[in-house]
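Now for the letters of each chain:
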Amino acid sequence: MITLNETIEVPRTVEACFRYVADFRTTVEWDATAVKARKVTRGPVGLGSRFALVCRAGPTGIPLMYSIDEFTPWQCLVLTGKSRWFTVKDVITFEPVGHSSTRITYTAHFEYRYGLEAIASRNETALRKMGKASLRGLAKALADDNPSPSALLETKRKDSNLIAALRCFTRYGYSRGRKLWRPMSTDISGKHIVLTGASSGLGYSAAVSLLEAGADLTLIIRDKTKIESMQASLEQATGRCASAVELADLSLLSDVRALADKLHAQAKPIDVLINNAGALFNDFAETQEGIERSVALLLLSPWKLTELLLPLMTGHDATARVINVVSGGMYTQKLKLNQLMMEAEHYKGSVAYARAKRALTVLTELWSEQWREDNIVVNSMHPGWADTPGVQSALPGFRRLTQRVLRSAEEGADTIVWLARASEAGLVSGKLFLDREPRTTHLQSATTESTEERMQLIPWLNRTYENVSTN
Ligand SMILES: NC(=O)c1ccc[n+]([C@@H]2O[C@H](COP(=O)([O-])OP(=O)(O)OC[C@H]3O[C@@H](n4cnc5c(N)ncnc54)[C@H](OP(=O)(O)O)[C@@H]3O)[C@@H](O)[C@H]2O)c1
């Protein structure tokens, strides 16, 4: 048997450290030997949770199945990892040091099979080095001091080549991106996050991850009959539910106002607002309020909801965040206010959708300038191409063609979660993100809007809103 024993002290509370380490998926963020990690069991992390890991070794790596054998919150975790060649028992203890630091003692006992003990002991020095490096990695991850996000040179190069940029929309873009990510150990327990469009696709996936990270969620959906099943499925996946679910048809400005009134009546400060609800409408239709529905749902609604909720986001200590979910489709369109509201005879769903998303991207930049002094950061993100019910129903042909390279909903939602959670994401404003990296907002110079057009966007939104309200 070989035993490794390392101790680190980190400037984080025992609760934060325990929560981060207990979710053993995080090993890929701090253990240099872990290549892949996924949670196999459903439900919250706890006694009996199992994780499938692949550790670096040889051409294919060593698969290991870990299970949590002891789970004493804020004090001790015992995990057993089994592979074909060895079993490892990890005993991890957490001890508060002063007010907000923690001493973590990590002991790993390796037991080898098939007489491999002799080979293992020849590699003991290397194993000890790896153990030390992993604990240094854990200390770094828990320090949660990542630098402000910026795009790599290689990413900028990709963004200057249309094919390379489009390839980043696929799951290859996601797997390339994730190799470069820094750990995300920020504890968002109790942070109040308002998320629209949570009943399906990216919104639902984001809700799962945010609940797992401890957030206090208010979910906005439009269909009353989905509340129960959505909450049940969130609870089954994470052991927690959203603390509130509000109903609103976000294509109606009257519903947006009513929703904002309700949230104001609750007077609960909002830490993060995620404008995610959306749809691509292949057929032309106007809402009951007489607005073409792509513009209503994808632009007027997030604009008005955000404006109305601003008082709940300002005035508290932490920086509030607004996240606008846009689309790579907007790269095809230029902001032209007189073309935003498409008429029935020229209507094309993908164009109306892309124009509204382009306008929301520009609005994100305008807001970031406006709110510079207000302790609110606002960023947009696009998820690439993700296989969600929305894509399945609106773009069946596109889905058939691209199915093999589409991301999963979880992969598409990752940057929403990162923008809501990661400390460093609070240091930037007015940017467009894909896979946790700021990206260009134009793939072709022909889509760059004039300063005049840009400056007219907010007055245009106000005028359109007033027309609806007075009709
Ligand atoms: N998936 C992609 O590849 C992709 C790419 C680019 C951008 N996006 C954007 O990502 C966001 C999420 O899309 P998704 O792919 O996850 O689609 P989805 O699976 O259809 O989810 C869309 C969500 O928005 C809700 N929603 C739609 N219309 C609404 C309304 N009038 N009022 C309130 N809620 C409404 C839906 O509610 P119901 O369940 O009741 O329908 C659902 O919860 C959208 O903004 C979309 O434009 C997605």
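Everything quoted here is computed from the prediction, not taken from an experiment.

Draft legend 1. Local environment of the site of the ligand. In the neighbourhood of the ligand, 29 residues make up the surrounding shell, with Ser 199, Ser 200, Asn 276, Tyr 353 and Thr 388 lying closest. Between the ligand and Ser 199 there is a distance of 2.7 Å, counted from an oxygen atom to a side-chain nitrogen or oxygen. Taking 890 Å² as the accessible area of the ligand by itself, protein coverage stands at 91%. For the shell around the ligand, the element with the highest residue contribution is helix α14 (residues 389-394), accounting for three residues. A per-class count over the shell around the ligand returns 14 nonpolar, 11 polar and four charged.

Draft legend 2. View of the packing of helix α10 (residues 253-266) against helix α11 (residues 293-313). Packing of α10 against α11 leaves a shortest axis separation of 10 Å and a crossing angle of 20 degrees. In terms of orientation, α10 lies roughly parallel with respect to α11. In this structure, α10 crosses over α11, and the sense of that crossing is right-handed. Judged by residue contacts, Leu 253, Val 256, Arg 257, Leu 259, Ala 260, Leu 263 and His 264 of α10 engage Leu 300, Ser 301, Lys 304, Leu 305, Leu 308, Leu 309, Pro 311 and Leu 312 from α11.

Draft legend 3. Geometry of the packing of aromatic side chains. Scanning all chains against the criterion turns up 18 aromatic pairs. Ring centres 5.2 Å apart and planes at 70 degrees place the aromatic pair Phe 18 and Phe 71 in the edge-to-face group. Residue Phe 18 is located in helix α1 (residues 14-22), and its partner Phe 71 is located in strand β4 (residues 62-72); the two are separated by 53 residues in the primary sequence. Of note, Arg 171 hangs over the ring of Tyr 172, and the distance from its end group to the ring centre comes to 5.6 Å. Directly above the ring of Tyr 465 sits Lys 304, whose terminal nitrogen or CZ lies 4.1 Å from the centroid.

Draft legend 4. The arrangement of the sheet that holds strand β15 (residues 437-439) in detail. The strand order across the open sheet formed by eight strands is β10-β9-β8-β11-β12-β13-β14-β15, and the pairing between neighbours is mixed. If you trace the sheet from one side to the other, it starts and ends with β10 (244-247) and β15, each paired once. The average undirected angle you get between the axes of adjacent strands in this sheet is 25 degrees. Packed onto the sheet, α10 meets β8 (192-196), β9 (216-221) and β10 and runs at close to 150 degrees relative to β10.

Draft legend 5. Expanded view of the domain arrangement of the chain. Each domain of the chain was delimited in the assignment, giving domain 1 (2-143) and domain 2 (153-470). If you average the C-alpha positions of domain 1 and of domain 2, the two centres end up 36 Å apart. Across the contact, 13 residues belong to domain 1 and 13 residues belong to domain 2. Overall, the association of domain 1 and domain 2 removes approximately 980 Å² of surface from exposure, summing both partners, and the carbon and sulfur fraction of that is 40%. Counting the surface domain 1 buries against domain 2, the share from its top three residues, Arg 19, Glu 29 and Arg 42, is 41%. Taken together, domain 1 and domain 2 are joined by two salt bridges. A salt bridge links Arg 25 to Glu 212, with the nearest nitrogen and oxygen atoms 3.3 Å apart. The interface formed by domain 1 and domain 2 includes nine residue pairs in polar contact (both at pLDDT 80 or more). Secondary structure elements with two or more residues in the side of domain 1 that touches domain 2: α1, α2 (27-30) and α4 (124-143). Residue composition of the side of domain 1 that touches domain 2, grouped by class: six nonpolar, one polar and six charged.

Draft legend 6. Molecular detail of the pairing of strand β6 (residues 86-97). Note that strand β5 (residues 76-82) and β6 share seven bridges and pair antiparallel. Bridging from a neighbouring strand, Gly 81 pairs with Val 88 of β6. Hairpin geometry of β5 and β6 is characterised by an intervening segment of three residues between the two adjacent antiparallel strands. Linking β6 to strand β7 (residues 101-112), which pair antiparallel, is a turn of three residues; within it Gly 98 sits at a positive phi near 65 degrees.

Draft legend 7. Examining the pattern of salt bridges more closely. Under the criterion given, the structure shown has 20 salt bridges. Here Glu 154 ties to Arg 176 by a salt bridge, and the two come within 3.4 Å at their closest N and O atoms. You can see Glu 154 sitting in helix α5 (residues 153-159) and its partner Arg 176 sitting in helix α7 (residues 171-178), a full 22 residues away along the chain. Assessed through its relative accessible area of 37%, Glu 154 is described here as partly exposed. For Lys 268, the salt bridge is made with Asp 216, and the minimal N-O distance between the two is 2.9 Å. Remark: Asp 216 occurs in strand β9 and Lys 268 occurs in the loop between α10 and β11 (272-275); sequence separation between them is 52 residues. Among the residues examined, Lys 268 registers a relative accessible area of 30% and is labelled partly exposed. Sharing partners across several salt bridges, the network here consists of Glu 154, Lys 158, Arg 176 and Glu 437.

Draft legend 8. Layout of the side chain of Asp 31. You can see Asp 31 is positioned in the loop between α2 and β2 (34-39). Of the side chains with opposite charge, Arg 56 lies nearest to the buried Asp 31, which makes no salt bridge, at 7.8 Å. A distance of 2.6 Å separates the side chain of Asp 31 from the side chain of Thr 33, its partner in a polar contact.

Draft legend 9. Region of the structure containing unusual backbone geometry. Its identity as a non-glycine residue notwithstanding, Ala 267 has a phi of 50 degrees, on the positive side. Among the secondary structure elements, Ala 267 is positioned in the loop between α10 and β11.

Draft legend 10. Layout of the sheet that holds β2. Ordered by their spatial adjacency, seven strands build an open sheet running β1-β7-β6-β5-β4-β3-β2, and the pairing between neighbours is antiparallel. Here the strands that pair on one side only, and so sit at the sheet edges, are β1 (2-10) and β2. Neighbouring strand axes in the sheet, compared pairwise and without regard to direction, differ in orientation by 20 degrees on average. When β6 meets β7, the two strands line up antiparallel, connected through 12 bridges. Residue pairing across strands places Ile 92 opposite Tyr 106, the latter belonging to β7. Along the sheet face, α4 touches β1 and β7 and points at about 20 degrees away from the line of β1.

Basis of the calculations
Residues numbered from 1 in each chain as written. Predicted model: local features only at pLDDT ≥ 70, side-chain atom pairs only at ≥ 80, totals over all residues. Heavy atoms only, no water. Near = heavy atom within 4 Å. Polar contact = N/O pair within 3.5 Å; in protein donor to acceptor, adjacent residues only side chain to side chain. Areas by Shrake-Rupley, 256 points an atom, 1.4 Å probe, with all protein chains shown as cover. Helix = DSSP H or I, 4+ residues; strand = E, 2+ residues; numbered from the N terminus. Nonpolar A, V, L, I, M, F, W, Y, C, P; charged D, E, K, R; others polar. Axes fitted to C-alpha atoms, helices over the stretch in contact; angles between N-to-C directions. Parallel < 35°, antiparallel > 145°, perpendicular 65-115°, else oblique. Left-handed = near helix turned anticlockwise from the far one by under 90°. Contact = heavy atoms within 4.5 Å. Phe/Tyr/Trp six-rings, centres within 6.5 Å; stacked < 30°, edge-to-face > 60°. Lys NZ or Arg CZ within 6 Å of the ring centre and 35° of its normal. Pairing = 2+ DSSP bridges. Domains from an automatic or database assignment. Buried area = accessible area lost by both parts, 1.4 Å probe. Salt bridge = Lys/Arg side-chain N within 4 Å of Asp/Glu carboxyl O. Buried < 20%, exposed > 50% of the residue type's maximum accessible area, 1.4 Å probe, protein only. Lys, Arg positive; Asp, Glu negative; His and termini not counted.

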